[in-house]
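Secondary and tertiary structure notes
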Amino acid sequence: MTLLPSQIIEVAVPLPIERTFHYLVPSRLSEATAPGKRVLVPFGNRRLTAYVLAIVETADTTKLKEILDVLDDEELWTKKELEFFRWIASYYMHPLGEVLRTALPAGINLQTRKSQGNEDELSGGRSVRHETWFRAGNGTEPQRTLGTKAAALLEFLRQDGVNSAAELRRRFGQCTPQLKRLEELGLVEREQREVYRDPFRNEASVRDIPRVLNQHQQTAFVQISSSLDRHEFSPFLLHGVTGSGKTEVYLQAIAHALEQGRNALVLVPEISLTPQLVYRFRARFGGGIAILHSGLSDGERYDEWRRIRRGLVRIVIGARSAIFAPLEQIGIIVVDEEHEASFKQADNLRYNARDLALVRGQLEGTTVVLGSATPLVTTLYAVEQGRLGLLELPTRAGGSRLPVVETIAMQGIKSTISPQLHQSLVETVAEGGQAIIFLNRRGFATFLVCGECSQPLTCPNCSVTLTYHRQRRQSVCHYCDYAVPAPGTCPSCGALELKELGAGTERVEHDLVELLPQARILRMDSDTTSGKGSHNRLLSRMADGSADILIGTQMITKGHDFPGVTLVGVISAEASLNMPDFRSSERTFQVLSQVFGRAGRGDAPGRVLLQALNPTHYAIQCAINHDGAGFYQQELEFRRETGYPPFAFLAAIGISGTSEQNVGQRSEVTTALLLQLKNKLKLRIEILGPAPAPLYRLRGRFRRQILLKAHSRNDLRRLITDWLSHRTPPAAIREMIDIDPVDM
Ligand code: ADP
Ligand code: ZN
């Protein structure tokens, strides 16, 4: 009898522990064990799911415990992917086990090998092998008359909805013969496989063919495709004004990667805001696309994840977490709207998917394309430094011109809509044009203020005022969803008279309905788009011309192309300038430029009316003049003077807890320790704070922060590493690290 030598493995556990651990693999499990799988391990006096990172050569085996079980049949991750996750853990100074847990779809955690035996019984039918029926893509109308049931089936499949064989039987009774006949006639198609639910599946796709690229697009495409041919890491900025045809360049570049047998990963700020982009991908490439977005249930997300892992997917489109998608053979990674703040995760593992796209691209030797009309100042700086290749699309693809922007001084004007904007709206609607009204604030009034004691209504859990929503008759906290009936009484003094202050989208809608009673007005913000598909419905009413005016928040600035829009009105140009954030000028320039870009995309020229109290700020002036280069120069100067990126590296340490006193004390202790260690290590780091976070109180927690600024990333890392090893574990307090924070 020969004894197999025991294996030793390195694992990460999903706990806030920086280090990894070693375990012995008993010989009965050694064949099933592999890096990238999960194993069950004894940990202290409990059992934990751990992630196998590597089989290690030698280690001191004397004190090692044995693993209890192997939980996966197949590896969850490849070696390359594990390398990527190790990089993330190290860079963001976050425990690797937690990084791995973050990277997995939530649905998988219910899943063990024990239940994987039978595909059809996976997690309560989460992924079931069954039949679905679709109307055939080119669906010619029937030549011969169909039976009543067949005709009804056909009509049903024409509409959106559930179309599984089970659902069809539920509605129509036994209908297999009719479906077979429709299939023979080429009117419907059947899909028989493990069905992964896909919310976009039922969207009828019109086949879309590649457009002939214009000169600028062609130059960009040639550079990208030749970098694909080299099979090495090549990062680009695709800097193209709104409507310049960036998406067309992505599509053709991706087609090139697919021809090479490689795959594509596309990151977008938020899928529900970019239905047109998803639609165009489907129309161009048909199947083999996975869409990852926040509206998916855990089960759906897991389904998509497995389709990708199994190689059934060639293109993954998703919001920031899609950067973790288990896609192999990646040829190209696209980050659309690379300047968007939503690529940064705001809690736990505070990664930035835009930055990670470059890291993953480097590890896997792919082409990376960052696309934007208004790139980050730091991105433009990287181009200047030669770290990114520059591809420019300076003109709109359809030949339309950027709109002319006129400023309207709002001093002394009481209404939300100035007389000039009112007049222009009347004219636009009369001429059959469409208008977009932009205001980055939802709700009716910003908040209610007591007429007696002048106290604004504030959230009891967060340090913000409550937003008054007239239709819902509530004052609502936009951070924690706390809500009270409104107008109501003053919680401070009980007085009945509450006054409205400020203006939100709901207020603007109210005023517009009064001013333009004939116009068909839509409002789009997170209040009107919470229902499933409501977003798309609003957009399609605008697109098919059954609405005249669309009022909205930042949501309306994203990726839509309404050729009928000739007028854009901005209610308050300064709304986003006064944020306590080193990027507030940059965000203002970006959002204004994006809003302006909605005007005049069709044949008729566009016009923008910008209402402002004081439009002298360079962010507003440069946006008005479509002067991206000028903005970049001035903003770069501002960053240089104040010592912010790209001239400094930032890290923040956040301290939060439910006791204000404890949070205050701990933040003093932490700051003192950081100062002491910095002096000991002789590091050149500026330590700022502790200061209250921009939102001092959030969901009942008090939050303070310490900002670290340095010229060397390495210095920052050394200080934080040293601090982690010296700090006492915080009790009842959370202390988190944010590398490259974005709202400081
Ligand atoms: P962006 O992504 O830069 O905003 P899009 O790719 O959405 O721009 O293109 C804007 C519009 O121009 C779309 O309607 C698109 O179909 C059209 N378009 C893009 N490229 C071309 C081209 N080469 N020829 C004609 N139309 C084009
Ligand atoms: Zn709140």
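Thresholds, definitions, all that
Residues numbered from 1 in each chain as written. Chains lettered and ligands numbered in written order. Predicted model: local features only at pLDDT ≥ 70, side-chain atom pairs only at ≥ 80, totals over all residues. UniProt positions renumbered as here; feature names shortened; annotations may be inferred. Axes fitted to C-alpha atoms, helices over the stretch in contact; angles between N-to-C directions. Helix = DSSP H or I, 4+ residues; strand = E, 2+ residues; numbered from the N terminus. Parallel < 35°, antiparallel > 145°, perpendicular 65-115°, else oblique. Left-handed = near helix turned anticlockwise from the far one by under 90°. Contact = placed C-beta atoms within 7 Å. Nonpolar A, V, L, I, M, F, W, Y, C, P; charged D, E, K, R; others polar. Pairing = 2+ DSSP bridges. Near = placed C-beta within 6 Å. Buried ≥ 20, exposed ≤ 12 C-beta atoms within 10 Å, placed from the backbone. Core = buried A, V, L, I, M, F, W, Y, C linked by C-beta atoms within 7 Å. Expected span 1.5 Å × (residues − 1). Arc of directions from axis to C-beta.

Going by what an unreviewed UniProt entry lists, the protein is known as Replication restart protein PriA and is assigned to Pelotalea chapellei. Annotation of the protein in UniProt includes, under Subunit (unreviewed entry), the sentence "Component of the replication restart primosome." In UniProt, the protein has this text filed under Sequence similarities (unreviewed entry): "Belongs to the helicase family. PriA subfamily."

So, the packing of helix H20 (residues 660-681) against helix H21 (residues 713-726)
Relative to each other, H20 and H21 sit at 125°, their axes nearing to 10 Å. Here H20 is positioned oblique relative to H21, judged by the angle of their axes. Our pair here, H20 against H21, has a crossing hand that is right-handed. On the side of H20, the interface is formed by Leu-673, Leu-674, Leu-677, Lys-678 and Leu-681, while H21 contributes Arg-718, Leu-719, Asp-722, Trp-723 and His-726. Tallied by class, the residues present in the contact of H20 with H21 amount to six nonpolar, one polar and three charged.

Considering the sheet that holds strand S26 (residues 649-657)
In spatial order, the strands read S27-S28-S26-S29; together these four strands make up an open sheet with antiparallel pairing. Among the strands making up the open sheet, the edge pair consists of strand S27 (685-698) and strand S29 (734-739). With strand direction ignored, the average angle separating the axes of adjacent strands in the sheet is 20°. On top of the sheet, H20 reaches S26, S27, strand S28 (701-710) and S29; it is set at about 165° to S27, its chief contact.

A closer look at the site of ligand 1
In the region of ligand 1, 16 residues are neighbours, and Gly-245, Lys-246, Thr-247, Glu-248 and Ala-397 sit closest. When residues in the shell around ligand 1 are grouped by element, the largest group, three residues, is from helix H9 (residues 246-259). Considered class by class, the residues forming the shell around ligand 1 number three nonpolar, nine polar and four charged.

Some thoughts on the sheet that holds strand S20 (residues 483-485)
Read from one edge of the open sheet, three strands run S18-S19-S20, paired in antiparallel fashion. Each edge of the open sheet is held by one strand with a lone partner, namely strand S18 (467-469) and S20. Each strand of the sheet is rotated relative to its neighbour by a mean of 25°, with strand direction disregarded. Inspection of the sheet shows strand S19 (residues 474-476) paired to S20 by three bridges, in the antiparallel sense. Bridge pairing links Val-476 to Ala-483 in S20.

Observations concerning the pairing of strand S16 (residues 434-438)
The element S16 is largely enclosed, with a buried count of five among its five residues. Here S16 shows two buried faces, one formed by Gln-434, Ile-436 and Phe-438 and the other by Ala-435 and Ile-437.

With respect to the UniProt feature "binding site: Zn(2+) 1" (unreviewed entry) in the protein
Per the UniProt record, "binding site: Zn(2+) 1" (unreviewed entry) is annotated on Cys-450, Cys-453, Cys-490 and Cys-493. A maximum C-alpha distance of 8.5 Å among these annotated residues, which run over 44 residues, shows that they cluster at one spot. Topologically, Cys-450 is positioned in strand S17 (residues 447-450). Here Cys-450 is in contact with Gln-455, Cys-490, Ser-492, Cys-493, Ala-495 and Leu-498, once residues within four sequence places are set aside. Inspection of the secondary structure puts Cys-490 in the loop between S20 and strand S21 (498-501). For Cys-490, a count of 21 C-beta atoms within 10 Å translates into the label buried. Among residues more than four places away in sequence, those in contact with Cys-490 are Cys-450, Glu-452, Cys-453, Gln-455, Ala-495 and Leu-498.

Quick word on the nonpolar core
Ranked by size, the top nonpolar core spans 104 residues in total, and within it Val-11, Leu-265, Leu-267, Val-316 and Val-369 carry the most contacts. Once residues within four sequence positions are removed from consideration, Leu-265 is found in contact with Val-316, Ala-322, Ala-325, Leu-327, Ile-330 and Ile-333. In this structure, Leu-376, Phe-589, Ala-599 and Tyr-632 belong to the second largest nonpolar core, which totals 49 residues.

Quick look at unusual backbone geometry
Put simply, Pro-645 and Pro-646 share a cis peptide bond, and its omega is 10°. For Pro-646, the location among the structural elements is in the loop between helix H19 (628-642) and S26. With an omega dihedral of 10°, the bond running from Gly-689 to Pro-690 counts as a cis peptide bond. With respect to the secondary-structure elements, Pro-690 resides in strand S27. Its identity is not glycine, yet Arg-699 carries a phi of approximately 45°, on the positive side. Looking at the secondary structure, you find Arg-699 in the loop between S27 and S28. Note on Arg-699: 16 C-beta atoms within 10 Å, which makes it partly exposed.

Re helix H15 (residues 505-515)
Taken together, the buried positions of H15 are occupied by Thr-505, Glu-506, Arg-507, Val-508, Glu-509 and Leu-512. Looking at the packing, one finds that the buried side of H15 touches S16, S18, strand S22 (521-524) and strand S23 (549-552).

Some remarks on helix H2 (residues 79-91)
In this model, H2 (13 residues) spans 18 Å end to end at C-alpha, consistent with the 18 Å of a helix rising 1.5 Å per residue. Of all the positions in H2, only Glu-81, Leu-82, Phe-84, Phe-85, Ile-88 and Ala-89 are classed as buried. For H2, the arc enclosing every buried residue in end-on projection is 155°, short of the 170-degree limit, so these residues lie on one face. Exposed residues on H2 whose side chains face more than 90 degrees from its buried face are Lys-79 and Ser-90. Packing partners of the buried residues in H2 comprise strand S4 (46-56), helix H3 (96-103) and helix H12 (353-364). A positive backbone phi angle near 50° is found at Met-93, which sits one or two residues after H2.

A short note on the environment of Pro-105
Relative to the elements of secondary structure, Pro-105 occurs in the loop between H3 and helix H4 (113-116). Here Pro-105 falls in the buried class, since 23 other C-beta atoms lie within 10 Å of it. Residues Pro-105 and Pro-269, spaced 164 residues apart in sequence, show a C-alpha to C-alpha distance of 19 Å.

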